[in-house]
Amino acid sequence: MSGATNEHFIAREPVRAAVSADGRDDAGRAFEVQGLRFRYSPPFDRSARWTLDGLSFRVEAGEIFRVVGPNSSGKTSLMKIMAKVLRPSHGHVRLFGHDVQRLSQREVARLLALVPQESLQVFPFTVAQTVLMGRYPHRPESPWAAGFGWESPDDLALAEQAMAEMDIAHLAGRLVTELSGGERQRTVIARALAQAPRVLLLDEPTAFLDLQHQIEICSIVHRLRDEQGLTVVLVSHDLNLAGQYCDRILMLKDGAAFRLGTPQEVIRPEILRAVYGCDVLVDAHPESGRPRVTLPGRARR
């Protein structure tokens, strides 16, 4: 691949401002989720538990928005619905004013990129080939562009820049099946960045990463938001990362919104006790002043 520049990396296709059904300008709103309900069982099974039950919230364009909550609280299901991987049972999700369910999967992929919690790599593609797949939604509208060989110099440059961002350029020729968990995770994130989305959905993006790369991921997310206006929605179990690296937090409990607000409004001892059922220490980080969660010390005998 040839050298890439930041100008290549930040190029995106223009998207028209959207106007919702009631006439409001939704150009400044990335997501509007209204009355969302979802369950995995058949609709006629009235005894099944709702995975998501009555969720309503908004994500502003350019916002770093975290979704937290205990296991089985519906976080991953919510991300999949926002990316049109799953269809809600009730309610709707609007993406820049457009009903997600009315958009084609390719139209959705040109607006957002999803990094799932687990990404199974079965076929032995190289890292470079995998990252380049992020450009597939932008391929030319031609029957001859269905397979490999459709890549333009700009596509190659974008893929190379994404690999550089994620510190995997030296792995370009390696097979993804030979990578460690952390290397594979960074490859999947690089593929999403190569997609040049307006919204990035990340489900536990730092789960397999060491401390250095966790910090780098958070720094990259902030820089892309500041430089490009990228909207980022993250699912995370790490309350300290949530407190330090986001604008607002949605805390779920049993598939419903328990609290939505700034880190200072959400990460509070009484709220964490009610949601997680345990007592923790919450104080102010010495540098940022944002809330920091600490596990209590061992009980004295």
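Up top is the structure these notes are about.
All of these numbers come straight from a predicted model, not from anything done at the bench.

Undergrad: Describe the overall build of the protein chain, naming the residues involved and giving the relevant values.
TA: What the protein chain contains, in helices and strands, is 10 helices and 12 strands. The buried share among the 301 residues of the protein chain stands at 47%. The long-range share in the protein chain, meaning contacts at least 24 apart out of those at least 6 apart in sequence, stands at 67%. When the accessible surface of the protein chain is split by element, carbon and sulfur atoms take 52% of a total near 15000 Å².

Undergrad: How would you summarise the side chain of Thr-130 if you had to cite specific residues and measurements?
TA: By the secondary structure assignment, Thr-130 is in helix α4 (residues 127-132). A relative accessible area of 1% means that Thr-130 is categorised as buried. Among the polar contacts made by the side chain of Thr-130, one reaches the main-chain carbonyl oxygen of Thr-126 at a distance of 2.9 Å. Aside from chain neighbours lying at most four places away, what touches Thr-130 is Phe-125, Val-176, Thr-187 and Arg-191.

Undergrad: Summarise the pairing of strand β4 (residues 90-95); cite the residues concerned and give the values.
TA: Relative to β4, strand β1 (residues 29-38) runs antiparallel, the two being bridged by five bridges. Counterpart to Arg-37 in the pairing with β4 is His-90. Sheet analysis places β4 next to strand β5 (residues 98-99), joined by two bridges and oriented antiparallel. For Leu-95, the partnering residue across the bridge sits in β5 and is His-98.

Undergrad: Can you lay out the sheet that holds strand β7 (residues 199-203) for me, pointing to particular residues and giving the numbers?
TA: Within the open sheet, the six strands sit side by side as β6-β7-β8-β3-β9-β10. Their pairing is mixed. The sheet is open, and its two edges are formed by β6 (112-115) and β10 (256-261), each paired on a single side. Looking at each pair of strands side by side, their axes are set apart by 15 degrees on average, direction ignored. Bridge count between strand β3 (residues 64-68) and strand β8 (residues 231-235): four bridges; the pairing is parallel. The residue of β8 that forms the bridge with Ile-64 is Val-232. Sitting on the sheet, helix α10 (residues 269-276) touches β3, β9 (248-253) and β10, and the angle it makes with β9 is about 35 degrees.

Undergrad: Which residues make up the side chain of Thr-126, and what values go with them?
TA: Structurally, Thr-126 is set in the loop between β6 and α4. Beyond its immediate chain neighbours, meaning those up to four positions away, Thr-126 contacts Ala-172, Gly-173, Arg-174, Leu-175 and Val-176.

Undergrad: Could you give me a rundown of the pattern of salt bridges, with the residues and numbers involved?
TA: Pairing between side chains becomes possible if they bear opposite charge and their charged atoms approach one another. The full count for this structure, using the stated rule, is 15 salt bridges. In this structure, Glu-165 and Arg-223 form a salt bridge, with 2.3 Å as the shortest nitrogen-oxygen distance. One end of the pair, Glu-165, is in helix α5 (residues 153-165); the other, Arg-223, is in helix α7 (residues 211-228), and 58 residues separate them in sequence. Where Glu-227 meets Arg-223, a salt bridge forms, and the shortest distance between an N and an O atom there is 3.3 Å. Of the two residues, Glu-227 and Arg-223 both sit in helix α7, four residues apart, roughly one turn of that helix. Relative accessible area serves as the criterion here: at 28%, Arg-223 is assigned to the partly exposed category.

Undergrad: Give a detailed account of the sheet that holds strand β2 (residues 52-60), specifying residues and quantitative values.
TA: The strands making up a sheet associate through hydrogen bonds between their backbones, and the pairing can be parallel or antiparallel. Ordered by their spatial adjacency, four strands build an open sheet running β2-β1-β4-β5, and the pairing between neighbours is antiparallel. Two strands lie at the open edges of the sheet, namely β2 and β5, each paired on one side alone. The strands touched by helix α2 (residues 75-82) within the sheet are β1, β2 and β4, with β2 carrying the most contacts at an inclination of about 60 degrees.

Undergrad: Explain the nonpolar core residue by residue, including any values.
TA: Generally speaking, nonpolar side chains in soluble globular proteins are found buried as a group. The biggest cluster of nonpolar side chains holds 44 residues, and the ones touching the most others in it are Val-127, Val-131, Met-166 and Ile-168. For this core, the leading source of residues is helix α6 (residues 181-194), giving six residues. Excluding residues within four positions of it along the chain, Ile-168 makes contact with Val-127, Val-131, Met-163, Arg-186, Thr-187 and Ala-190. Formed by 31 residues, the second largest nonpolar core is a distinct cluster that contains Leu-55, Ile-81, Val-235 and Leu-250.

Undergrad: Provide a residue-level description of the environment of Gln-117, including the pertinent values.
TA: Of note, Gln-117 is situated in the loop between β6 and α4. As a C-alpha pair, Gln-117 and Ala-207 span 90 residues in sequence and 8.2 Å in three-dimensional space. In this structure Gln-117 touches Thr-76, Asp-203, Glu-204 and Phe-208, once residues within four positions along its chain are discounted.

Undergrad: How would you explain the packing of aromatic side chains if you had to name every residue and give the values?
TA: Counted according to the given criterion, the structure contains two aromatic pairs. A ring pair is formed by Phe-38 and Tyr-40, whose centres lie 4.6 Å apart and whose planes are at 80 degrees; its orientation type is edge-to-face. In this structure Phe-38 comes out as buried when scored by relative accessible area, which is 5%. Owing to a relative accessible area of 53%, Tyr-40 belongs among the exposed residues under this scheme. Plain terms: the ring middles of Phe-57 and Phe-65 are 5.5 Å apart, the flat faces sit at 10 degrees to each other, and that makes the pair stacked. Above the ring of Trp-50, the side-chain terminus of Arg-37 is found at 4.0 Å from the ring centroid. Directly above the ring of Trp-50 sits Arg-39, whose terminal nitrogen or CZ lies 3.9 Å from the centroid.

Reading the values: rules and limits
Residues numbered from 1 in each chain as written. Predicted model: local features only at pLDDT ≥ 70, side-chain atom pairs only at ≥ 80, totals over all residues. Heavy atoms only, no water. Helix = DSSP H or I, 4+ residues; strand = E, 2+ residues; numbered from the N terminus. Buried < 20%, exposed > 50% of the residue type's maximum accessible area, 1.4 Å probe, protein only. Contact = heavy atoms within 4.5 Å. Areas by Shrake-Rupley, 256 points an atom, 1.4 Å probe, with all protein chains shown as cover. Polar contact = N/O pair within 3.5 Å; in protein donor to acceptor, adjacent residues only side chain to side chain. Pairing = 2+ DSSP bridges. Axes fitted to C-alpha atoms, helices over the stretch in contact; angles between N-to-C directions. Salt bridge = Lys/Arg side-chain N within 4 Å of Asp/Glu carboxyl O. Core = buried A, V, L, I, M, F, W, Y, C linked by side-chain atoms within 4.5 Å. Phe/Tyr/Trp six-rings, centres within 6.5 Å; stacked < 30°, edge-to-face > 60°. Lys NZ or Arg CZ within 6 Å of the ring centre and 35° of its normal.

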